[in-house]
Amino acid sequence: MIEDQEHLEEEPEEELAPALDMGVILISCADCNRPLLNMLKVRDSDDIYKMKVMCVNKKCTPDGERGESWVHTLKGQYFHSTIKQRDRVLSMVEEDGVMIVRLGKKR
Ligand SMILES: [Zn+2]
């Protein structure tokens, strides 16, 4: 039988170093390139999830349809923050394993 290695041998030793490897992922619309959401990595983990963001640009495509970002695969734990000051997140709903983020505008 193989024992789980659950003791703390992987405790990082460089806790005091600046968190240089914290990534920021910019998610923008695949149709009009409007920046939609920043995903700020707050820690490494084995969490993997997929997400995409629906575009808020009313003139996203010539025929008036709203576009969306590509599907991004993220590993770790993230905060999200909107890029434009008036944007806000209306909903995050998981559909078929992909987190769908919808944005709206503050009044
Ligand atoms: Zn767009």
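Whatever comes next refers back to the structure up there.
Residues numbered from 1 in each chain as written. Predicted model: local features only at pLDDT ≥ 70, side-chain atom pairs only at ≥ 80, totals over all residues.

*Asks:* I keep staring at the overall build of the chain and nothing clicks. Help me out?
*Replies:* A tally of helices and strands in the chain yields 0 helices and 5 strands. Helices (α) and strands (β) of the chain occur, in sequence order from the N terminus, as β-β-β-β-β. For the chain, the proportion of its 107 residues judged to be buried stands at 13%. Relative to all contacts within the chain whose residues are 6 or more apart in sequence, the contacts with residues 24 or more apart total 56%. (Helix = DSSP H or I, 4+ residues; strand = E, 2+ residues; numbered from the N terminus. Buried ≥ 20, exposed ≤ 12 C-beta atoms within 10 Å, placed from the backbone. Contact = placed C-beta atoms within 7 Å.)

*Asks:* What's the story with the pairing of strand β1 (residues 24–28) in this structure? I'm lost.
*Replies:* Within a regular strand, side chains alternate between the sheet's two faces. Of the strand pairs in this sheet, β1 and strand β2 (residues 35–53) are connected by 5 bridges, and their pairing is antiparallel. Each bridged residue has a counterpart across the sheet, and for S28 the counterpart in β2 is P35. (Pairing = 2+ DSSP bridges.)

*Asks:* Hey, could you run me through the pairing of strand β4 (residues 87–95) in this one?
*Replies:* The element β4 is largely exposed, with a buried count of 0 among its 9 residues. Bridging between β4 and strand β5 (residues 98–105) involves 8 bridges; their strand directions are antiparallel. Paired with S91 across the strands is R102, a residue of β5.

*Asks:* What exactly am I supposed to notice about the environment of M51 here?
*Replies:* With respect to the helices, strands and loops of the structure, M51 is situated in strand β2. It is 7.3 Å that separates the C-alpha atoms of M51 and V101, two residues lying 50 residues apart in sequence.

*Asks:* Would you explain the nonpolar core in this entry?
*Replies:* Within soluble globular proteins, side chains that are nonpolar generally end up buried alongside one another. Judged by nonpolar contacts, the single largest core of 13 residues is most densely connected at I27, L36, L37, V53, C55, V101 and L103. When contributions to this core are tallied by element, the ones reaching two or more residues are β2 and β5. If one sorts the elements of this core by residue count, β2 sits on top with 5 residues. (Core = buried A, V, L, I, M, F, W, Y, C linked by C-beta atoms within 7 Å.)

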